[in-house]
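# Topology and contacts: notes
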Amino acid sequence: MRDFEPIGIVSLGCPKNLVDSERLLGKLLQGRFHITFDIDEAQSVIINTCAFLGTAREEAENVITEFIKKKKEGEIKKIVVSGCYPSLSKEKLLKKFPEIDALTGTNDLEKITDAFTSRKRIFISNKFEHTSIPRFQVTLPHYEYLKIADGCNHNCAFCLIPKIKGKVHSFSMDFLIDEAKRLVDNGVKELILIAQDTTQYGVDLYGRNRLLDLLEKFENVKDLKWIRILYTYPSEINKALIDYIASSNKVVPYIDVPIQHINDKLLRRMRRTHGREETEKVIGMLKDKHIAIRTTVITGFPGETEREFEELKLFIKDVRFEHLGVFAFSQEEGTESYEMDMQVPEKVKIERKKEIEEIQSKINAEKLNNMVGKALPVIVDYYDEQLNGFVGRTQFDAPEIDDYVLIRGDVEEGKIYNAKITGSDSERLRAEALK
Ligand code: SF4
């Protein structure tokens with residue numbers, strides 16, 4: 001073992017970054033590097049960063065600072081910073097943290113081994129590189145994320161992602177089907193499809209959106225039980241996709257579709273391509289088919305008046321989403337909205353965020369309570385000592401971000417059971433596995 005081994009990893013940000021972290025680990029193992037999951041025994045570290053919000057960059061900088069301190073104390077030999085932050089601004093990172101040994105970008109997963117062995121410090125290319133590096137799975141064995149594309153063709157006024165990741169680049173269907181089969185052979189039951197916008201899948205590679213074709217191919221993957229779709233875009237969701245989700249044996253009745261707002265003037269200022277009418281139509285079609293909806297909204301976008309905020313609140317009370325995330329607008333340098341007039345005071349943004357969270361937590365508790373007495377499929381994730389029980393999820397809950405089920409009975413991790421919902425409280429259900 002070389003003195004800078006074993007190598008540990010800190011994976012920050014979204015599930016797309018987690019998939020990249022798994023490939024970085026896969027590449028190291030392919031190169032016969034020693035890795036460790038005990039960050040305290042690591043002699044070197046990869047910090048795979050997120051950069052799309054100021055708070056995410058701050059978190060990355062705090063982690064980098066922590067490891068630079070360890071390096072100065074001789075505990076760490078090498079620090080490699082990867083992912084979105086180097087792709088966004090390598091100069092700033094190296095100026096602020098000259099102790100960093102090397103930088104690799106979002107398109108440079110293959111270069112991670114060189115980052116540890118060569119004298120070169122910067123491995124950042126703007127050209128997307130299709131990689132088939134085997135992943136080292138770090139999620140629970142029975143569910144896994146499958147990144148079907150990256151980059152984005154939209155141009156939302158508040159978003160840095162097109163700057164960091166460029167235009168949409170999809171993975172080929174053959175590659176994705178092979179990867180899905182490999183993951184299922186390794187025990188995965190639930191496959192979670194991710195991208196910046198999964199509903200743009202294929203527009204680059206095949207000249208048109210081919211998410212539906214991809215879903216039909218996944219439907220034939222033997223032993224795959226659940227398919228979940230995250231990160232869709234309202235105006236890309238059509239009747240065919242909704243009907244497919246509703247009739248599929250494997251695609252769960254759940255969709256993540258960030259709407260960001262509902263007021264037409266604000267949606268235009270955000271450079272969103274959907275207006276109120278179209279958004280209502282898509283949500284109406286999803287609800288008619290009993291598909292659970294997760295969404296995201298922004299409060300305090302420049303120009304948001306009290307009346308437009310009221311409109312958003314009323315809409316959320318009326319629609320009653322199953323899950324809702326809310327962000328206070330973040331003025332990000334490099335985005336169109338950074339320069340916009342009518343910036344909303346920070347205090348007001350936060351107050352509006354809190355109001356939406358209160359409305360949604362009431363809706364959430366009521367919706368959970370309405371499930372009591374029903375029988376639902378539940379996938380068992382793990383045993384929780386503190387809760388003294390097994391923790392699982394219904395088809396209406398994605399891992400790590402939605403609600404959970406405390407399930408009793410003779411159950412095993414990674415298996416799906418039909419369960420009777422026996423009780424609920426604000427963010428979880430209680431259930432009994434049925435024989
Ligand atoms: S669709 Fe999403 S990733 Fe694309 S620009 Fe808009 S917010 Fe960013």
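Residues numbered from 1 in each chain as written. Predicted model: local features only at pLDDT ≥ 70, side-chain atom pairs only at ≥ 80, totals over all residues. Heavy atoms only, no water.

### What to know about the domain arrangement of the protein
Taken as a whole, the protein is organised into domain 1 (7-123), domain 2 (143-370) and domain 3 (375-433). Averaged C-alpha coordinates put domain 1 and domain 3 at centres separated by 35 Å. (Domains from an automatic or database assignment.)

### Considerations on the sheet that holds strand E17 (residues 416-425)
Pairing is mixed around the closed barrel formed by 5 strands, whose spatial order is E14-E15-E16-E18-E17. The sheet shows a mean angle of 50° between the axes of neighbouring strands, direction not considered. As defined by bridge partners, strand E16 (residues 404-408) adjoins strand E18 (residues 428-433) across 5 bridges and the pair is classed as parallel. Each residue of the ladder has a partner; that of Arg-408, found in E18, is Glu-432. (Pairing = 2+ DSSP bridges. Helix = DSSP H or I, 4+ residues; strand = E, 2+ residues; numbered from the N terminus. Axes fitted to C-alpha atoms, helices over the stretch in contact; angles between N-to-C directions.)

### Focus on the pattern of salt bridges
Two side chains of opposite charge can pair, provided their charged atoms sit close to one another. For the structure shown, the criterion picks out 42 salt bridges. In this structure, Glu-311 and Arg-276 form a salt bridge, with 2.8 Å as the shortest nitrogen-oxygen distance. Here Arg-276 lies in helix H10 (residues 276-288) and Glu-311 lies in helix H11 (residues 306-319), a separation of 35 residues in the sequence. Taking relative accessible area as the criterion, Glu-311 reaches 21% and is therefore assigned partly exposed. What you see here is one network of salt bridges that share partners, running through Glu-22, Arg-23, Arg-135, Glu-144, Glu-179 and Arg-182. (Salt bridge = Lys/Arg side-chain N within 4 Å of Asp/Glu carboxyl O. Buried < 20%, exposed > 50% of the residue type's maximum accessible area, 1.4 Å probe, protein only.)

### Regarding the pairing of E17
The pairing of strand E14 (residues 375-384) with E17 spans 5 bridges and is classified as antiparallel. Within E17, the position partnered with Val-378 by the bridge is Tyr-417. Pairing of E17 with E18 involves 6 bridges; the strand directions are antiparallel. Note that in E18 the partner of Ser-424 across the bridge is Leu-429. Turn length for the E17-E18 hairpin, with the two strands adjacent in sequence and antiparallel, is 2 residues.

### Topic: the site of the ligand
In the vicinity of the ligand, the contacting residues are Cys-152, His-154, Cys-156, Phe-158, Cys-159, Ile-161, Pro-162, Gln-196, Tyr-233 and Arg-272. Residue composition of the shell around the ligand, grouped by class: 7 nonpolar, 2 polar and 1 charged. (Near = heavy atom within 4 Å. Nonpolar A, V, L, I, M, F, W, Y, C, P; charged D, E, K, R; others polar.)

### A word on the sheet that holds strand E1 (residues 7-11)
An order of E1-E2-E3-E4-E5 is seen for the 5 strands of this open sheet, with the pairing classed as parallel. Because the sheet does not close on itself, it has two edges, and the strands there are E1 and strand E5 (122-123). By the bridge criterion, 2 bridges tie strand E4 (residues 102-104) to E5 in an arrangement that is parallel. The residue of E5 that forms the bridge with Leu-103 is Ile-122. Contacts from helix H3 (residues 84-96) reach strand E2 (44-49), strand E3 (78-83), E4 and E5 within the one sheet, and its direction differs from that of E3 by about 130°. (Contact = heavy atoms within 4.5 Å.)

### Quick word on the environment of His-274
Relative to the helices and strands, His-274 is located in the loop between helix H9 (264-269) and H10. Assessed through its relative accessible area of 2%, His-274 is described here as buried. Put simply, His-274 and Asn-209 are 65 residues apart on the chain and 17 Å apart in space, counted from C-alpha to C-alpha. Apart from residues no more than four positions distant in its own chain, His-274 is found in contact with Tyr-233, Pro-234, Ser-235, Ile-259, Leu-267 and Thr-279. In this structure the side chain of His-274 is engaged in a polar contact, spanning 3.0 Å, whose partner is the side chain of Thr-279. (Polar contact = N/O pair within 3.5 Å; in protein donor to acceptor, adjacent residues only side chain to side chain.)

### Notes on helix H8 (residues 239-247)
When H8 is considered as a whole, its buried residues turn out to be Leu-241, Ile-242, Tyr-244 and Ile-245. One face of H8 carries all of its buried residues, which in axial projection span an arc of 160°. Opposite the buried face of H8, by more than 90 degrees, sit the exposed residues Lys-239 and Ser-247. At its buried positions, H8 is contacted by helix H7 (211-219), strand E10 (226-229), strand E11 (251-256) and H10. (Arc of directions from axis to C-beta.)

### Here we look at the side chain of Lys-16
By secondary structure assignment, the location of Lys-16 is in helix H1 (residues 15-30). Here Lys-16 is buried and forms no salt bridge, its nearest opposite-charge partner Asp-150 lying at an N-O distance of 6.4 Å. In terms of polar contacts, Lys-16 uses its side chain to reach the side chain of Gln-196, at 3.5 Å. With sequence-adjacent residues up to four places away left out, Lys-16 is seen in contact with Lys-147, Ile-194, Ala-195, Gln-196 and Tyr-231. (Lys, Arg positive; Asp, Glu negative; His and termini not counted.)

### Examining the packing of aromatic side chains
Within the structure shown, the criterion is met by 10 aromatic pairs. Between Phe-4 and Phe-33 the ring centres are 6.3 Å apart and the planes differ by 45°, which places this aromatic pair in the tilted class. Highlighted residues: Phe-4 in the segment before E1 and Phe-33 in the loop between H1 and E2, separated in sequence by 29 residues. Both residues of the pair, Phe-4 and Phe-33, count as buried. (Phe/Tyr/Trp six-rings, centres within 6.5 Å; stacked < 30°, edge-to-face > 60°.)

### As for a negative patch on the surface
A grouping of Asp-38, Asp-40, Glu-41 and Glu-75 is seen on the molecular surface, where their side chains present a negatively charged patch. Residue position: Asp-40 is located in the loop between H1 and E2. (Patch = residues over 30% accessible without salt bridge, like charges linked within 9 Å, V, L, I, M, F, W, Y side chains within 5 Å. Areas by Shrake-Rupley, 256 points an atom, 1.4 Å probe, with all protein chains shown as cover. Charge placed at Lys NZ, Arg CZ, Asp CG, Glu CD.)

### Some remarks on the packing of H7 against H8
Interaxial distance between H7 and H8 falls to 10 Å at its minimum, and their mutual angle equals 15°. In terms of axis orientation, H7 runs roughly parallel to H8. Crossing hand, H7 versus H8: left-handed. Packed against H7, whose contacting residues are Leu-211, Leu-212, Leu-215, Glu-216 and Glu-219, the element H8 presents Ala-240, Leu-241 and Tyr-244 at the interface. Taken together, the residues that form the contact of H7 with H8 break down as 6 nonpolar, no polar and 2 charged. (Parallel < 35°, antiparallel > 145°, perpendicular 65-115°, else oblique. Left-handed = near helix turned anticlockwise from the far one by under 90°.)

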